[in-house]
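Structure at a glance
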Amino acid sequence: MSSEEKIRRPFSRSESVPDEQLKTRHQSRSRSPARNSNRSPIREGRSHSRSPRDHFSARGKARTFSRSISPIPRQEPRRERGRSLSPRRRRSYSRSPPRRRERKRSRSHSPPRRSHRSRSPLDDRRSRYSRYDDPNSSKRKGNNQYKESSPIQTKNIPRNPNEASRQEQCDWTREMTAPSATYESVLALFDAQGHRFESRNLSTCAHRAAKYGGKHNIYLQKDDRMRRLADACRERVKEFDGRGLSIILWAFATAGVEVPALFHAIESEALLKMNTFEVVELTNTVWSFALARIDAPALFRLIAQVALPKIKNFGSQNLANFIWAYSMVKIDAPLLFEAIKDESLKKINEFGTQTIENLLCGFAHIHNIDITELFNACEKVILNKLSEFKLIQLCGILSSFATVRVQASNLFHQIAQSIQQNPKRIQGLNVKPLASLAYAFASMQISIPSLFKSIAQTAIEKLKDTVPQKFVNAPKSYTPQNLTSLAWAFAAIGMGQDANALFHTIGQVAQNNINQFSPQDLANLSWAFAACNIKAPELFQTIAQAAPTMLSDFSPQNLANIAWAFASMNIDAVILFHEIAQVSISKLDTGFKPQVFSNIAWAFASAGIDASIFFSKMADTALPMLADFTPQSLTSLAWAFATLGFDSSFHFFSAIANVTLTKLDDFLPPHLAKMCWTFACIAWSQFDFFNSLLVAAVAHQDKFDDTALAELHLVSIHFQVEFPDQVFPLAQMKERLQLAYQALQNADQSEKVQDNVATALIKMKWGSLNDFNKYFVQGIKLQFPKPDTKTAIIIDGPIYFLKGKENSHIENGPLRFKLRLLEKLGWTIGHIPYYEWESLGEDTAQQASYLQKKLQTLSPIASE
């Protein structure tokens, strides 16, 4: 055996050592240099004779020279500046683990060094693990996430009197970091010995439990030992430095254990020890607070200031996690965001697949910063590495591009093509990435029917087993937001009718979990079903019952969306609408935009809800911003006010007329017809206004649909009676307008009501059966006319009345408009509200008495 092998090869415990060699070694160790004359013989002899386990053994026991040498790998010693190591010290490094380097002291004034027997408990606690034994050291295999930090400061910090010895602490550390350790073994050790742990082992215990348990482990979240571990960390929070604090935060955030008290305690301590935080600790801290959804604005602002000078030291993962965390907590730090963007552009080729997704997701929710260049750079990298990305990562990336509206059509089509080439890839997605994928394509208006068909089929398969369950028993991707996003995407892309089965499944799941939906989820889900015209009365009734209790949390846009949905689906929800009106009054000055005004006004008018106070305040609020309305929103707003009979505000309608004339060239044919009908309905008498609109309509006379033609017919009658000396600009279309109006006049009452009234009038010998329901006055149908005396009885159905509180009924604008036109044409009308007739029941005597009173309101000739 060569001399080099003798030095490098460690002895085993069973290997014997020649007596002469031992004697030589012992004599060489006994010749201590003068500089070590203060050391005791026992200390000097033992310092090189103990095994690694003896090196950390309990205090106070003298050990004899051991003939066995531990199989510790040989480590090269650190050389102090300006000094070389003697052969004796070199041998010492080769046989025992390196000990903490002592601070250099002045030999002339330093007291004699204590022997191992006289070490105090405080000295034992202050000593640090060697780099070999440190479980969190960057040199330890399999845990290079953290780098070694400075010793924990113990000055003025109360210590745990039950804290175990160094030997036991190291044994516990090895047990928790052993390859065979599990989260159960780690927590069992804490349960048995946690009260004797030092602070370092507390952080190691939390870290290992979270790491072994996995992200959001439901067992850890329900384990009471994790909460007791959190309490122990909180009680001794002052003993941790930046590294230990960040490890604890990371552990509890990763495990998904909600311990806000611990997070706030660490927040207060971190504000005082920010100088001990390096890049990794800063990143883990903000990431953990964001993942745990704990508000810490002061800490995030301080970290933004501390991180800015260190931004060049950030790696790709640090950059991505930092921007993601700040986007989640919605803390504005523009200087930091700009620095992260610039540094990311420099290191864009270093980003991996997951870090690119996190980076884009973070910047997608950052406002007031131009990120087009960064997204374009990321698009190039993604296209070059497209085969390396998982489909679930691509779904998140596309969602980020759609959120910021950065055009990347090539990327979208490449991903869609890769999915179509391998359809099995999409079958592995759960509901959340499916919703993100559909949302991205719908937001960018990229319609690929085959892709959406695959998304719908996969989503149905994933959801069908969840229909009878509650969300608490379903996977975490089955959230109200994901269901809503999925429905919204199909509605926005115009493919709702092709996904009836998907909407039916979503409706069933939502109906069973309606109390877990947020205000925005309820509004968007209602809108999606209404936009696709999916009949789901039970779902809408469930929403109508659940929504009133949370309306105060609705945004103005959400209020408009849910009102629009119920009105479009013709769902009777009077209580919900009146609650919406009350809440909207308090929010008129905050967040109501032109589109919101027009949508919510249209909804109330279409549903026939009397909300005079709300509309009066709405008119005052919308008046200064009428110039910002588009032609469509301006038309909807004016039509709604006229339909609800709000015709007394001359100033408001005059302002609408002026804005209409300034934007006349931008009006489409349906908007021109509806605006003409609106001002005719409120009896507007300014000829120039009507003439301008009707002349503009002449150019589009071939583009009007039946509804627009019917509205223009009533406008022509109004024009005739208000401006008899003027020529109607659409006179050549008059016959066509009248036919369209007659065709669209649906019976607004049941045949049973009409037959009952006809039978009663015939018994009273009033009118002719041949004229009943067949007589028109310039296109306006009269159910029971008497042409010789120009008198008539008409039945006013539900569409002519507004629904007020306490089941009150108020005549709406269209009914007043029709009665006014008939009166101008010389007819005397007696009208029968449908609800009054229904209240009479089947009693013919009461019906005859009621009709007699109605006939007396007509002329004396008519009542004979």
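Above: the structure in question.
This report concerns the structure included in the present document. Bear in mind that the values here come from a model prediction, so they are computed numbers and not experimental data. (Residues numbered from 1 in each chain as written. Predicted model: local features only at pLDDT ≥ 70, side-chain atom pairs only at ≥ 80, totals over all residues. Heavy atoms only, no water.)

Thoughts on the nonpolar core
Residues F252, Y326 and F604 are the most contacted members of the largest nonpolar core, which totals 251 residues. Ignoring sequence-local partners within four residues, the contact set of F252 consists of A206, M226, L229, A230, V257, V259, L262 and F263. Formed by 17 residues, the second largest nonpolar core is a distinct cluster that contains V753, W766, I795 and Y850. (Core = buried A, V, L, I, M, F, W, Y, C linked by side-chain atoms within 4.5 Å. Buried < 20%, exposed > 50% of the residue type's maximum accessible area, 1.4 Å probe, protein only. Contact = heavy atoms within 4.5 Å.)

Focus: the environment of N201
Residue placement: N201 occurs in helix α9 (residues 199–213). Counting along the chain gives 43 residues from N201 to G244, while the straight-line C-alpha distance between them is 9.8 Å. A polar contact of 2.6 Å, which involves the side chain of N201, links it to the side chain of T173. (Helix = DSSP H or I, 4+ residues; strand = E, 2+ residues; numbered from the N terminus. Polar contact = N/O pair within 3.5 Å; in protein donor to acceptor, adjacent residues only side chain to side chain.)

So, the packing of helix α34 (residues 650–662) against helix α36 (residues 687–698)
Relative orientation of the contacting elements α34 and α36 amounts to 35 degrees, with a least axis distance of 11 Å. Crossing of α34 against α36: the hand is left-handed. Across from A657, T660 and L661 in α34, the residues of α36 making contact are F689, S692 and L693. Of the residues in the contact of α34 with α36, the class split is four nonpolar, two polar and no charged. (Axes fitted to C-alpha atoms, helices over the stretch in contact; angles between N-to-C directions. Left-handed = near helix turned anticlockwise from the far one by under 90°. Nonpolar A, V, L, I, M, F, W, Y, C, P; charged D, E, K, R; others polar.)

Things to note about the state of the cysteines
A complete count under the given rule lists zero disulfides for this structure. With no disulfide of its own, C233 lies 7.9 Å from the sulfur of C205, the closest cysteine sulfur. (Disulfide = S-S within 2.5 Å.)

Remarks on the packing of helix α35 (residues 669–681) against α36
Running from N to C, α35 and α36 cross one another at 155 degrees; their axes reach a closest spacing of 10 Å. It follows from the interaxial angle that α35 and α36 lie roughly antiparallel. α36 is crossed by α35, and the crossing has left-handed handedness. Contact residues: α35 offers L672, M675, C676, F679 and A680, while α36 offers F689, F690, L693, L694, A696 and A697. Residue composition of the contact of α35 with α36, by class: eleven nonpolar, no polar and no charged. (Parallel < 35°, antiparallel > 145°, perpendicular 65-115°, else oblique.)

Observations concerning the side chain of S400
You can see S400 is positioned in helix α20 (residues 391–404). Here S400 is in contact with L360, C361, A364 and F375, once residues within four sequence places are set aside.

Focus on the packing of aromatic side chains
Tallied over the entire structure, the rule returns 41 aromatic pairs. Taken together, a centroid distance of 5.1 Å and an interplanar angle of 70 degrees make the contact between F314 and F322 edge-to-face. We note that F314, like F322, is buried. Ring geometry for F650 against W684: centres 5.2 Å apart, planes inclined by 15 degrees, an arrangement best described as stacked. Of this pair, F650 sits in helix α34 while W684 sits in the loop between α35 and α36, and the two are 34 residues apart along the sequence. Judged by its relative accessible area of 53%, F650 is exposed. Among the residues examined, W684 registers a relative accessible area of 5% and is labelled buried. (Phe/Tyr/Trp six-rings, centres within 6.5 Å; stacked < 30°, edge-to-face > 60°.)

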